[in-house]
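A closer look at the structure
Read off the chains here:
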Amino acid sequence: AQTVTQSQPEMSVQEAETVTLSCTYDTSESDYYLFWYKQPPSRQMILVIRQEAYKQQNATENRFSVNFQKAAKSFSLKISDSQLGDAAMYFCAYRSAGFGSNAGGTSYGKLTFGQGTILTVHP
Amino acid sequence: KAGVTQTPRYLIKTRGQQVTLSCSPISGHRSVSWYQQTPGQGLQFLFEYFSETQRNKGNFPGRFSGRQFSNSRSEMNVSTLELGDSALYLCASSWDRDEQYFGPGTRLTVT
């Protein structure tokens, strides 16, 4: 079974500064997807960024970028020029890219989440 | 394009009752997944439906069930509610095996 670990329960950053959130995962699969989701106080989960394991290039989305280290099974999120609206709980998530069912159950539709990191942005 | 919608947004039930939650996916999405979020256990996968068939199931008791209709709308049912079922229930939709987009959730309180 896959596991996702976020070792930082809380992080804080000054507005306009840069912050990095850590995530490690454990899997025996070679093909998978990794995601960062943001959950603000409204509790709406918002997709921030996605990384395919087969791609060596790190994904970027505007102020958000990842450092994907496949061998180390590490997937950190860097937020540049932090804004007050970035304050939220951030979840790292893993999803298998496996095709078809297997004796141990299917991999379809299942996101495995880390415990989350609460990010506070100070003005 | 409208996002994922969930109804109701808030629900209060009594122990022993049953409850049905509804999820309407983004238009064109065929997969709907359900998750339970609690402070103690975090986000846990319940099940996933694709084209009216359950494709995957998490480690929850049989009291938790779901279904999907031909228009891809999905419902989940919890029978014989327990206090520990109090949680935020999130559904997410995707076209197939790509990224999932979440609804606002249904906050269930069991008293």
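Reference entry: report on the structure contained in this document. (Residues numbered from 1 in each chain as written. Chains lettered and ligands numbered in written order. Predicted model: local features only at pLDDT ≥ 70, side-chain atom pairs only at ≥ 80, totals over all residues. Heavy atoms only, no water.)

1. Comments concerning the overall build of chain A
Test applied: Segments assigned H or I by DSSP are reported as helices when at least four residues long, segments assigned E as strands when at least two residues long, and all are numbered from the N terminus. Throughout, exposure labels follow a simple rule: accessible area from a 1.4 Å probe, protein chains only, divided by the maximum for the residue type, with under 20% read as buried, over 50% as exposed, and the rest as partly exposed. Note on contacts: a residue pair is in contact if any heavy atoms of the two residues lie within 4.5 Å. Using a 1.4 Å probe, the Shrake-Rupley method yields the accessible areas, and only the shown protein chains count as cover for residues. The charged-residue count follows a simple rule in which Lys and Arg add positive charge and Asp and Glu add negative charge, with His and chain termini not counted at all. Charge positions are represented by NZ for Lys, CZ for Arg, CG for Asp and CD for Glu.
If you tally the helices and strands in chain A, you get 0 helices and 12 strands. Each helix and strand of chain A, placed in order from N terminus to C terminus, yields the pattern β-β-β-β-β-β-β-β-β-β-β-β. When its C-alpha atoms are laid out on the principal axes, chain A stretches across 50 × 30 × 20 Å. The buried share of chain A, taken over its 123 residues, is 46%. Taking contacts inside chain A between residues at least 6 apart in sequence as the whole, the part at least 24 apart equals 58%. A total accessible area of about 6100 Å² is found for chain A, and carbon and sulfur atoms account for 47% of it. On chain A, the mean spot of the 10 positive side-chain charges and the mean spot of the 10 negative ones are 7 Å from each other.

2. What to know about the overall build of chain B
Quick reminder of the rule: Restricting the calculation to C-alpha atoms gives the radius of gyration, and the globule rule supplies 2.2 Å times the number of residues raised to the power 0.38.
Broken down by element type, chain B carries 0 helices and 11 strands. Element order for chain B, N to C, with α for helix and β for strand: β-β-β-β-β-β-β-β-β-β-β. Here the C-alpha radius of gyration of chain B, 13 Å, is about what a compact globule of 111 residues would show, namely 13 Å. Over its C-alpha atoms, taken along the principal directions, chain B stretches across nearly 35 × 25 × 25 Å. The proportion of buried residues among the 111 residues of chain B is 52%. Here chain B displays about 5000 Å² of accessible surface, and carbon together with sulfur accounts for 48% of that area.

3. Things to note about the pairing of strand 12 (residues 117-122) of chain A
Residues and elements named next belong to chain A. For clarity, the threshold we go by: We call two strands paired when DSSP finds no fewer than two bridges between them.
Side-chain alternation along strand 12 places Thr117, Leu119 and Val121 on a buried face and Ile118, Thr120 and His122 on a face that remains uncovered. By the bridge criterion, 5 bridges tie strand 2 (residues 10-14) to strand 12 in an arrangement that is parallel. Looking at strand 12, one finds that serine 12 is bridged to threonine 120. Here strand 10 (residues 88-96) runs beside strand 12; their pairing, made up of 3 bridges, is antiparallel. Across the sheet, the residue bridging to alanine 88 is leucine 119, located in strand 12.

4. So, the pattern of salt bridges
Applicable threshold: Salt bridges, as used here, are contacts in which a Lys or Arg side-chain nitrogen is within 4 Å of a carboxyl oxygen on Asp or Glu.
All chains considered together, the criterion is met by 10 salt bridges over all chains. Linking lysine 55 of chain A and glutamate 52 of chain A is a salt bridge whose minimum nitrogen-to-oxygen distance equals 3.8 Å. Among the salt bridges present, the one from arginine 67 of chain B reaches glutamate 75 of chain B, with a minimum N-O distance of 3.3 Å. Residue arginine 67 of chain B is classed as partly exposed on the basis of its relative accessible area, which comes to 47%. Shared partners join several salt bridges into a network, and the residues in it are Arg50, Glu52 and Lys55 of chain A together with Glu99 of chain B.

5. Some remarks on the environment of threonine 117 of chain A
Residues and elements named next belong to chain A. The criterion, for reference: In protein, a polar contact requires one atom able to donate a hydrogen and another able to accept it; more generally it is a pair of N or O atoms within 3.5 Å, and residues adjacent in sequence count only if both atoms are side-chain atoms.
Within the fold, threonine 117 resides in strand 12. The spacing of threonine 117 and glutamine 6 is 111 residues in sequence and 6.9 Å in space, taken between C-alpha atoms. Residues within four places of threonine 117 in sequence aside, it is in contact with Gln6, Gln8, Pro9, Glu10, Met11, Leu21, Ala88, Met89 and Tyr90. Polar contacts involving the side chain of threonine 117 include one to the side chain of glutamine 6, which spans 3.3 Å.

6. Notes on unusual backbone geometry
Proline 8 of chain B follows threonine 7 of chain B through a cis peptide bond whose omega is -10 degrees. Structurally, the position occupied by proline 8 of chain B is in the loop between strand 1 (5-7) and strand 2 (10-13). Backbone geometry places alanine 16 of chain A, a non-glycine residue, at a positive phi of 80 degrees. Along the chain, the position of alanine 16 of chain A falls in the loop between strand 2 and strand 3 (19-21). With a relative accessible area of 47%, alanine 16 of chain A lands in the partly exposed category. Of note in this structure, aspartate 81 of chain A is not a glycine but carries a positive phi near 50 degrees.

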